[in-house]
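Given next are the chains, with one letter for each unit.
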Amino acid sequence: MIDAARCEGASDMMVFMSRRWTSAIMLAGARGARRFGEYRRMVGGISDRMLTLRLRELEEHGLMRREVVPSMPVQVLYHLTDSGRSLIQAVHAVASWAAREGR
């Protein structure tokens with residue numbers, strides 16, 4: 001028997017991850033903690049406004065964490081959470097599948 005609630009949760013997450021830039025930001029974050037400007041350079045073509053929006057959404061979903069480093073000047077780093085790191089495995093699997101299928 002198919003668990004409808006589980007399928008709905010998976011569907012909701014696939015819709016969220018399919019939003020433009022979301023997977024690219026996650027993949028950039030998989031390489032370690034990054035500052036805003038580093039994400040902007042790694043995810044070519046994204047506007048500051050859109051990057052800010054997507055980072056906030058990823059935080060709200062518990063996939064990224066924003067850390068303010070008390071330094072002069074103050075630095076803000078974005079890290080994948082444990083949940084985000086586990087989701088990256090699925091993102092890599094989908095990306096590999098798409099490449100094999102020529103999509």
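Structure report, in brief. Every chain is numbered independently, its residues counted from 1 as its sequence is written. Residues qualify for local features only when their pLDDT is at least 70, as the model is predicted, and side-chain atom pairs are given and counted only at 80 or more; totals for whole chains, interfaces and linings, by contrast, use all residues. By convention in this description, side-chain values take in all heavy atoms of the structure and omit both hydrogens and water.

1. With respect to the nonpolar core
Formally: To define a nonpolar core, start from buried Ala, Val, Leu, Ile, Met, Phe, Trp, Tyr and Cys residues and group those joined through side-chain atoms within 4.5 Å. With a 1.4 Å probe rolled over the protein chains alone, any residue whose accessible area is under 20% of its type maximum counts as buried; one over 50% counts as exposed, and the rest are partly exposed. Any two residues whose heavy atoms approach within 4.5 Å at even a single point are treated as in contact.
If you look at the biggest cluster of nonpolar residues, it comprises 19 residues, and the most contacted ones within it are Met 17, Ile 25, Met 26, Tyr 39, Leu 58, Leu 63 and Met 64. Excluding residues within four positions of it along the chain, Leu 63 makes contact with Met 13, Phe 16, Met 17, Met 26, Leu 58, His 79, Leu 80, Thr 81, Ser 83, Gly 84 and Leu 87.

2. Observations concerning the side chain of Glu 57
Under the convention used in this document: Helix numbers and strand numbers start at the N terminus; a helix is a DSSP run of H or I with at least 4 residues, a strand a run of E with at least 2.
By the element assignment, Glu 57 lies in helix α4 (residues 48-60). Residue classification places Glu 57 among the buried residues on the basis of a relative accessible area of 11%. With residues up to four places along the chain from it excluded, the contact list for Glu 57 reads Phe 16 and Arg 19.

3. Remarks on the pattern of salt bridges
Once their charged atoms are close, side chains differing in charge can pair, the charge on each being opposite to the other. Defined as follows: The working definition used for a salt bridge is a side-chain nitrogen of Lys or Arg within 4 Å of a carboxyl oxygen of Asp or Glu.
In this structure the tally under the stated criterion is 4 salt bridges. As a salt-bridge pair, Arg 54 and Glu 57 come within 3.0 Å of each other at their nearest N and O atoms. Of the two residues, Arg 54 and Glu 57 both sit in helix α4, 3 residues apart, roughly one turn of that helix. Its relative accessible area of 6% is what places Arg 54 among the buried residues. Arg 85 is paired through a salt bridge with Asp 82; the nearest N and O atoms lie 2.2 Å apart. Placement of the pair is Arg 85 and Asp 82 together in helix α5 (residues 82-101), with a separation of 3 residues, close to one helical turn. Arg 85 sits in the partly exposed class, given a relative accessible area of 43%. Three or more residues are tied together by salt bridges with common partners; here these are Arg 19, Arg 54 and Glu 57.

4. Quick look at the environment of Ile 2
Position of Ile 2 among the secondary structure elements: in the segment before α1 (4-17). Classification of Ile 2 by relative accessible area gives exposed; the value is 69%. For the pair Ile 2 and Arg 56, spaced 54 residues apart in the sequence, the C-alpha separation amounts to 33 Å.

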